[in-house]
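# Examining the three-dimensional arrangement
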Amino acid sequence: MSNQASNEITTNRHPVDRLAEVRAEIARLKDQETALRDAVLEMPSGDLVGDEFIATVKNASQSRLDTKAVEAKFGSLDAFRKKVQITTVRLVKRAEPEPEE
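Bear in mind that the values here come from a model prediction, so they are computed numbers and not experimental data. (Residues numbered from 1 in each chain as written. Predicted model: local features only at pLDDT ≥ 70, side-chain atom pairs only at ≥ 80, totals over all residues. Heavy atoms only, no water.)

Moving on, we get to the overall build of the chain. Helix and strand counts for the chain come out as 3 helices and 0 strands. Listed N to C, the secondary structure of the chain is α-α-α in terms of helices and strands. Expressed as lengths along the three principal axes of its C-alpha atoms, the size of the chain is roughly 65 × 55 × 40 Å. Among the 101 residues that make up the chain, the fraction classed as buried is 2%. (Helix = DSSP H or I, 4+ residues; strand = E, 2+ residues; numbered from the N terminus. Buried < 20%, exposed > 50% of the residue type's maximum accessible area, 1.4 Å probe, protein only.)

Right, let's get into the environment of Gln-62. Mapping Gln-62 onto the fold places it in the loop between helix H2 (15-42) and helix H3 (67-74). Gln-62 gets classed as exposed once you look at its relative accessible area, which sits at 62%. For Gln-62, the side chain forms a polar contact with the side chain of Arg-64, separated by 2.6 Å. (Polar contact = N/O pair within 3.5 Å; in protein donor to acceptor, adjacent residues only side chain to side chain.)

Let's shift gears to the pattern of salt bridges. Counting across every chain of the model gives 5 salt bridges. Here Arg-28 ties to Glu-25 by a salt bridge, and the two come within 2.6 Å at their closest N and O atoms. Placement of both Arg-28 and Glu-25 in helix H2 is noted, with a separation of 3 residues, approximately one turn of the helix. Take Arg-28: its relative accessible area is 44%, and that puts it in the partly exposed class. Residues participating in the shared-partner salt-bridge network are Arg-13, Arg-18 and Glu-21. (Salt bridge = Lys/Arg side-chain N within 4 Å of Asp/Glu carboxyl O.)

The buried count for H3 comes to 0 of 8 residues, which makes it a mostly uncovered element. A positive phi of about 95° marks Gly-75, the residue just after H3.

Okay, here's the thing in structure tokens:
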């Protein structure tokens, strides 16, 4: 663990447990962000000025490749796919220990 990371962790909880806690907090914050974003999008444009921030709402177009349609027309794209290595950390809640009799 880097020196900076160890300085930021100030709890006696295991890092796996803290990671699960942080992920739960991020999920809660994402839900809150979505609700607030939806509220801002419903506001009239004149109400987008807060005490500290000004919101700007912009609509834009994006172009995305429809892989399924390309494969249907030209066949397999496997020769053009690039494999990359990724690392994931999956967390699973441990079963509660059964009480001793």
